[in-house]
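Structure at a glance
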Amino acid sequence: QVQLVESGGGLVQAGGSLRLSCAASGSIFSINAMSWYRQAPGKQRELVARITSGGSTNYADSVKGRFTISRDNAKNTVSLQMNSLKPEDTAVYYCNADVSSRALTSRNYWGQGTQVTVSS
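Residues numbered from 1 in each chain as written. Predicted model: local features only at pLDDT ≥ 70, side-chain atom pairs only at ≥ 80, totals over all residues. Heavy atoms only, no water.

Let us look at the environment of valine 12. Relative to the assigned elements, valine 12 resides in strand S2 (residues 10–13). Residue class for valine 12 comes out buried when judged on its relative accessible area of 13%. For the pair valine 12 and asparagine 32, spaced 20 residues apart in the sequence, the C-alpha separation amounts to 32 Å. (Helix = DSSP H or I, 4+ residues; strand = E, 2+ residues; numbered from the N terminus. Buried < 20%, exposed > 50% of the residue type's maximum accessible area, 1.4 Å probe, protein only.)

Turning our eyes to something else, we now look at unusual backbone geometry. You will see that asparagine 76, though not glycine, has its phi angle at about 55 degrees, which is positive. If you trace the backbone, asparagine 76 turns up in the loop between strand S7 (67–72) and strand S8 (77–82). Notably, serine 84 is not glycine yet its phi reads approximately 50 degrees, a positive angle. As for its position among the elements, serine 84 is in the loop between S8 and strand S9 (91–100).

Our next topic: the sheet that holds strand S3 (residues 18–26). Taking strand neighbours across the sheet as the criterion, the 4 strands line up as S1-S3-S8-S7 in an open arrangement whose pairing is antiparallel. The open sheet has two edge strands with one neighbour each: strand S1 (2–7) and S7. Across this sheet, the average inter-strand angle for adjacent strands is 15 degrees, counted without regard to direction. Both S1 and S3 contribute to a ladder of 6 bridges, which runs antiparallel. (Pairing = 2+ DSSP bridges. Axes fitted to C-alpha atoms, helices over the stretch in contact; angles between N-to-C directions.)

A few words now on the side chain of aspartate 89. Looking at where aspartate 89 falls in the secondary structure, it is placed in the loop between S8 and S9. Side chain to side chain, aspartate 89 and arginine 66 meet in a polar contact 2.8 Å long. Setting aside residues up to four positions removed in sequence, aspartate 89 forms contacts with Arg38, Arg66, Phe67, Ser84, Val116 and Val118. (Polar contact = N/O pair within 3.5 Å; in protein donor to acceptor, adjacent residues only side chain to side chain. Contact = heavy atoms within 4.5 Å.)

Let us now look at the state of the cysteines. Counted by the stated rule, this structure contains 1 disulfide. Two residues share a disulfide in this structure: cysteine 22 and cysteine 95, whose sulfurs sit 2.1 Å from each other. Negative torsions about the S-S bond denote left-handed disulfides, and the value of about -85 degrees found for cysteine 22 with cysteine 95 makes this one left-handed. Placement of the pair is cysteine 22 in strand S3 and cysteine 95 in strand S9, with a sequence separation of 73 residues. Here cysteine 22 falls in the buried class, since its relative accessible area comes to 1%. Judged by its relative accessible area of 0%, cysteine 95 falls in the buried class. (Disulfide = S-S within 2.5 Å.)

As structure tokens, this is what we get:
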């Protein structure tokens, strides 16, 4: 019913930049919070950044000052600008969204993930 599709991942050298994008589609009345998570091999999935429908943001301490999350409510998209990338940023990055249907039912959705690899 609702799909999240990430794009923009790839291979970059340390110090480089990438911009990730996530597009939500399907039966959507509104989207509340949208977030980016990441998971490295053998590690827990962690919250990277979150943005509310009103534009309030929060970031993991490890990315604060380097990453910027933004959203376009008209297009139901969220982006993550990643600058000054480090090898420890290497992970699969997942888009997450809390979506309200026209029946006022809220549900949490995940994208399939996009690989980000930062070489040293």
